[in-house]
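Analysis of the macromolecular model
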Amino acid sequence: MKISRIEHLGIAVQSIADVLPYYTDVLGLEFYKEEVVEDQKVKTAFLKVGEVKIELLEPTSPDSTIQKFLDNGGRGVHHVAFKVEDGVANALVQCEGNGIRLIDKAPRCGADSLKIAFLHPKSTCGILTELCEE
Ligand code: ZN
């Protein structure tokens, strides 16, 4: 697989409204989009850091995986997303061939018009890893 760069960092927060002023007013980052991803029970907000993005993730339901992450003391970086140039589907085949446990067996639609798939942190050195393509 060919990874070109970090696409975004996913950061779990209890409230986007509470943390957004830090990112926009203190760090001076450009907030450009908010989007609810219904099937993941999450509201997202995107900020630009050059070519890389910050994806703030707010749970929209008590049974959201983001709420569980926060309840387990996991405030902060939730996942790292890599941009794959030669297709997420292809990358999943390669990962599986290397014994990596997949959360998503096939690419699906994520926020910000990306095709995405997650790799399980148990086989990625503890970091929940997202692969994406535009
Ligand atoms: Zn993400």
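The coordinates are above.
Residues numbered from 1 in each chain as written. Predicted model: local features only at pLDDT ≥ 70, side-chain atom pairs only at ≥ 80, totals over all residues. Heavy atoms only, no water.

**Focus on the overall build of the protein**
Inclusion rule: Numbering of helices and strands runs from the N terminus, with a helix taken as a DSSP run of H or I at least four residues long and a strand as a DSSP run of E at least two residues long. In this description the radius of gyration comes from C-alpha coordinates, and the expected globular size is given by 2.2 Å times residues to the power 0.38. Buried, partly exposed and exposed residues are distinguished by accessible area as a fraction of the type maximum, computed with a 1.4 Å probe on protein chains only: under 20%, between the cut-offs, and over 50%, respectively. In this description, contact between two residues means that some pair of their heavy atoms is separated by no more than 4.5 Å. The protein chains shown are the only cover counted for residues, whose accessible areas, like all others here, come from Shrake-Rupley with a 1.4 Å probe. Lys and Arg are tallied as positive, Asp and Glu as negative. Neither His nor the chain termini are counted. We put the charge of a Lys on NZ, of an Arg on CZ, of an Asp on CG and of a Glu on CD.
Each helix and strand in the protein was counted, giving 3 helices and 8 strands. Mapped in sequence order, the helices and strands of the protein form the string β-α-β-β-β-α-β-α-β-β-β. In summary, the protein has a C-alpha radius of gyration of 15 Å against a globular reference of 14 Å for 134 residues, a match within 12%. Taken along the three principal axes of its C-alpha coordinates, the protein extends 45 × 30 × 25 Å. Here the protein, with 134 residues, has 45% of them falling under the buried criterion. Put simply, 53% of the contacts in the protein that link residues at least 6 apart link residues at least 24 apart. If you sum the accessible surface of the protein, you get close to 7,200 Å²; carbon and sulfur atoms cover 54% of it. Side chains of the protein carry 15 positive and 21 negative charges; the gap between the two charge centres is 4 Å.

**Describing the pairing of strand S5 (residues 76–84)**
Successive side chains on a regular strand alternate, one facing one side of the sheet and the next facing the other. Which entries qualify depends on this criterion: For two strands to pair, DSSP has to find at least two bridges joining them.
In terms of residue burial, S5 counts as a mostly covered element, since 7 of its 9 residues are buried. The pairing of strand S1 (residues 3–12) with S5 spans 8 bridges and is classified as antiparallel. Each residue of the ladder has a partner; that of Arg-5, found in S5, is Lys-83. Sheet topology note: the S5/strand S8 (residues 129–133) ladder contains 4 bridges and is parallel. Pairing of Phe-82 across the sheet is with Leu-131, part of S8.

**Some points on the layout of surface pockets**
Threshold: Cavity means a closed set of points on a 1 Å grid over the protein atoms alone, one where a 1.4 Å probe fits but cannot get out, pocket means an open set with protein on both sides within 12 Å along at least 5 of 7 lines, and lining means a residue has an atom within 4 Å of a point. Grid points are joined across faces, edges and corners, and a volume is the space filled by probe spheres set on the points. Three classes are used, and their members are as follows: Ala, Val, Leu, Ile, Met, Phe, Trp, Tyr, Cys and Pro are nonpolar, Asp, Glu, Lys and Arg are charged, and the others, Gly among them, are polar.
Roughly 540 Å³ of internal volume is contained in the largest pocket. Around the largest pocket sit 28 residues that line it, and Gln-40, Thr-65, His-78, Phe-118 and Leu-128 are the ones nearest its centre. Secondary-structure elements contributing two or more residues to the lining of the largest pocket are strand S3 (42–49), strand S4 (52–59), helix H2 (65–71), S5 and strand S7 (115–119). Of the residues assigned to the lining of the largest pocket, the class counts are 13 nonpolar, 8 polar and 7 charged.

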